[in-house]
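Notes for the structure review
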Amino acid sequence: MDRYEYARQLFVQEDEQLVHTREATVERGMPAINVKPDLGKLLHLLVKIAGARDILEIGALGGYSGIWLARALPEGGTLTSLEIEEEYANFAQSNLERAGLGDKVSYRVGHALESLKQLEAEGRRFDLFFIDADKDNYPHYLESAIRLSNPGALIIGDNVLRGDRVLDPSNTAPDVEGIRVFNRRLAEDERLESILLPLHDGLSIARVK
């Protein structure tokens, strides 16, 4: 048993809905890239700690992280999820509905950068963001999130170590470079207070001042 398994057994309990969503995602041939259960629990706690009422998720996949996020919302809270693949968005919605959370979540299908422009034009604002989509666009997603933020909002990014490839300066792949720029902006942008946690593939947490 390693440290992650020890912590998971003590603090993280996946119920039938979460297990079904995780397993069904793989069975459908979708990428097996759901957040780990302990990171799902951390997202859940951060929503509650922040008192978030309106969440924006960039990258839905099968809805696993969406369940963790939506379950932490108070009465009347909302989760807006952006997904480029219509098949994935429909599957995620079915899983949220199966978990009894259909009234809390709405999906927007299309490229996230376009959806973010639409949300900004609509005057939408959010209390918490979870970014888990195409890595080369993370810097653009960060800037959009800041513009869409309520004061004190949290911006959370997953996979910010890219299997430690960000540590190799000779690796200039677009996804790795995108994450490097994202991490550097988190560390240096005066509008943010940020930290990178080297858990699993890396999780960043920033607070908008």
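You'll find the structure just up there.
Residues numbered from 1 in each chain as written. Predicted model: local features only at pLDDT ≥ 70, side-chain atom pairs only at ≥ 80, totals over all residues. Heavy atoms only, no water.

One can describe the packing of helix α6 (residues 112–121) onto helix α7 (residues 138–147) by two numbers: an axis separation of 10 Å at closest approach and a directional angle of 15°. Accordingly, the angle class assigned to the pair α6 and α7 is roughly parallel. Between α6 and α7 lies a crossing whose hand is left-handed. Counted together, Ala112, Leu113, Leu116 and Glu120 of α6 and His140, Tyr141, Ser144 and Arg147 of α7 form the full contact between these two elements. For the contact of α6 with α7, a count of residues per class yields four nonpolar, two polar and two charged. (Axes fitted to C-alpha atoms, helices over the stretch in contact; angles between N-to-C directions. Helix = DSSP H or I, 4+ residues; strand = E, 2+ residues; numbered from the N terminus. Parallel < 35°, antiparallel > 145°, perpendicular 65-115°, else oblique. Left-handed = near helix turned anticlockwise from the far one by under 90°. Contact = heavy atoms within 4.5 Å. Nonpolar A, V, L, I, M, F, W, Y, C, P; charged D, E, K, R; others polar.)

This part covers the environment of Val105. Mapped onto the elements, Val105 comes out in strand β3 (residues 105–109). Counting along the chain gives 52 residues from Val105 to Arg53, while the straight-line C-alpha distance between them is 12 Å. Not counting chain neighbours up to four residues away, the residues in contact with Val105 comprise Leu79 and Leu96.

A word on the sheet that holds strand β6 (residues 192–197). The strand order across the open sheet formed by seven strands is β3-β2-β1-β4-β5-β7-β6, and the pairing between neighbours is mixed. Here the strands that pair on one side only, and so sit at the sheet edges, are β3 and β6. Neighbour-to-neighbour, the strand axes of this sheet turn through a mean angle of 15°, independent of strand direction. Inspection of the sheet shows strand β1 (residues 54–58) paired to strand β2 (residues 78–83) by five bridges, in the parallel sense. When the bridges of β2 are listed, Leu56 appears paired with Thr80. Strands in contact with helix α5 (residues 86–98) are β2 and β3; relative to β3, the strand with the most contacts, it is inclined by about 175°. (Pairing = 2+ DSSP bridges.)

In this section: unusual backbone geometry. You will see that Leu61, though not glycine, has its phi angle at about 50°, which is positive. By relative accessible area, which is 12% here, Leu61 ends up buried. (Buried < 20%, exposed > 50% of the residue type's maximum accessible area, 1.4 Å probe, protein only.)

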